[in-house]
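# Architecture and fold: a report
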Amino acid sequence: MISEDLQDQAALFILGALNSEENAAFEKALIAEPELREMVRELREAAADLGRSAPAHQPPAALRQRVLREIALEKQSGSSSRSTSSSWLPWAIAALFLLFCGILAVDRVRLQRELASAHAADPLAQATLVALVSPKGEHPDAKVTIAWESNRQSGVITIDKMPPAGPGRDYQLWAVDANRKDPVNAGIIHVDASGVARIRFKPDQEVAQIKAFAISLEREGGVPKREGPIVMIGNA
C-alpha cells in the first residue's frame, strides 16, 4: 500500500513541484515500489489527456504550498480508513484538471496578445512573399519583391536597382489569377532615378488564387490589358 506522504509527493512529482532532493528520493521510491509506479503512470496519463494542447510550463512557485495545503485540509476532513489508491487518485486528477485549464486560459490570452502586437508592429508578417526576376535577363541586378496579403487584397512591391521605364513609358504591375483568363491590372509602378520604388498596390479586381505577379513595360499611363513585354515575373 502506498503511504499518504508518497501519494502527496506523486502529484507534486507529476507537476514538477518537488525540489531536487525530494525529486531524487521520490525516484528511488519509484524504483522500489511497483504500485507507486502504476499510480504515477495513471496520473501522467490523466495530465496528458487534459493538457495535451498546452505548452510546457514551469508550475507557479506557490503551487507546491497550495497543493500541500489542500491535501492537509482533505486529510483532516476525510476518514483515515479510506482506500488510499481509490480516494487520492480522483482528487489528484481534479487538481491537475484545474491546473491545466488555468494554464490553457492564461496561455491563450498571452498568445492572442503577442500575435496582435506582432501584427501591429509588422502588418506584413502574414503576407506571401514573391520574388520577381527578369525572364530574358534584361535587368540581372534588379531586385523586386512583393508582399501579398490575400485577406486584404493588397500588397507592397519593393524595387531596387531597376532602371526607370524611360520617356513615354511606364512599368505596369499585373496579378495572375488561376481563375481568370487575363492578368488583372494592379497599377502603375514608378521607379525613381536611383532605381528604387516601394509602393502599396491593390488589383482592380478581386484575385482569389494568385499564381504569379508580373511587370510589363507599357505606354505612359498604363493599359487596361497588357500590350508590352514582360520585364519581371515571379510565381506565387
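Before reading on, note that the structure itself is shown above.
Reading guide: rules and limits
- Residues numbered from 1 in each chain as written.
- Predicted model: local features only at pLDDT ≥ 70, side-chain atom pairs only at ≥ 80, totals over all residues.
- Heavy atoms only, no water.
- Helix = DSSP H or I, 4+ residues; strand = E, 2+ residues; numbered from the N terminus.
- Buried < 20%, exposed > 50% of the residue type's maximum accessible area, 1.4 Å probe, protein only.
- Contact = heavy atoms within 4.5 Å.
- Areas by Shrake-Rupley, 256 points an atom, 1.4 Å probe, with all protein chains shown as cover.
- Phe/Tyr/Trp six-rings, centres within 6.5 Å; stacked < 30°, edge-to-face > 60°.
- Salt bridge = Lys/Arg side-chain N within 4 Å of Asp/Glu carboxyl O.
- Pairing = 2+ DSSP bridges.
- Expected span 1.5 Å × (residues − 1).
- Arc of directions from axis to C-beta.
- Polar contact = N/O pair within 3.5 Å; in protein donor to acceptor, adjacent residues only side chain to side chain.

To continue, consider the overall build of the protein. Tallying secondary structure elements over the protein gives five helices and eight strands in all. Secondary structure elements of the protein occur, N-terminal to C-terminal, as α-α-α-α-α-β-β-β-β-β-β-β-β. Residues classed as buried in the protein amount to 37% of the 236 residues present. Considering only contacts in the protein between residues 6 or more positions apart, those separated by 24 or more positions represent 63%. When the accessible surface of the protein is totalled, it reaches about 14,100 Å², and 54% of it is carbon and sulfur.

This part is about the packing of aromatic side chains. Considering all chains together, one arrives at three aromatic pairs under this definition. Plain terms: the ring middles of Phe201 and Phe213 are 5.8 Å apart, the flat faces sit at 75° to each other, and that makes the pair edge-to-face. Of this pair, Phe201 sits in strand S6 (residues 197-201) while Phe213 sits in strand S7 (residues 210-219), and the two are twelve residues apart along the sequence. In this structure Phe201 comes out as buried when scored by relative accessible area, which is 3%. Taken together, the ring pairs connect Trp148, Phe201 and Phe213 into an aromatic cluster.

Two side chains that carry opposite charge are able to pair once their charged atoms sit near each other. Using the criterion set out here, one finds six salt bridges in the structure. Notably, a salt bridge pairs Arg219 with Glu227, separated by 2.6 Å at the nearest N-O pair. Taking relative accessible area as the criterion, Arg219 reaches 43% and is therefore assigned partly exposed. Judged by its relative accessible area of 53%, Glu227 falls in the exposed class. Residues joined in a network through salt bridges with shared partners are Glu149, Arg152 and Arg200.

What follows deals with the pairing of S7. Among the ten residues that make up S7, seven are buried, leaving the element largely enclosed by the rest of the structure. Strand direction decides the pairing type here: strand S4 (residues 169-177) and S7, joined by nine bridges, are antiparallel. Within S7, the residue paired with Ala175 across the bridge is Phe213.

Let us look at helix H2 (residues 20-32). Taking 1.5 Å of rise per residue, the 13 residues of H2 would be expected to cover 18 Å, and the 19 Å separating its terminal C-alpha atoms lies within 8% of that figure. Here H2 has its buried residues at Phe26, Ala29 and Leu30. In an axial view of H2, the angular spread of the buried residues amounts to 105°, which keeps them on one side of the axis. Turned more than 90 degrees away from the buried face of H2 sit Ser20, Glu21, Lys28, Ile31 and Ala32, all of them exposed. For H2, the N-terminal cap is Asn19; the gap from its side-chain oxygen to the backbone nitrogen of Glu21 is 3.2 Å.

Distances and angles like these do not, on their own, reveal function.
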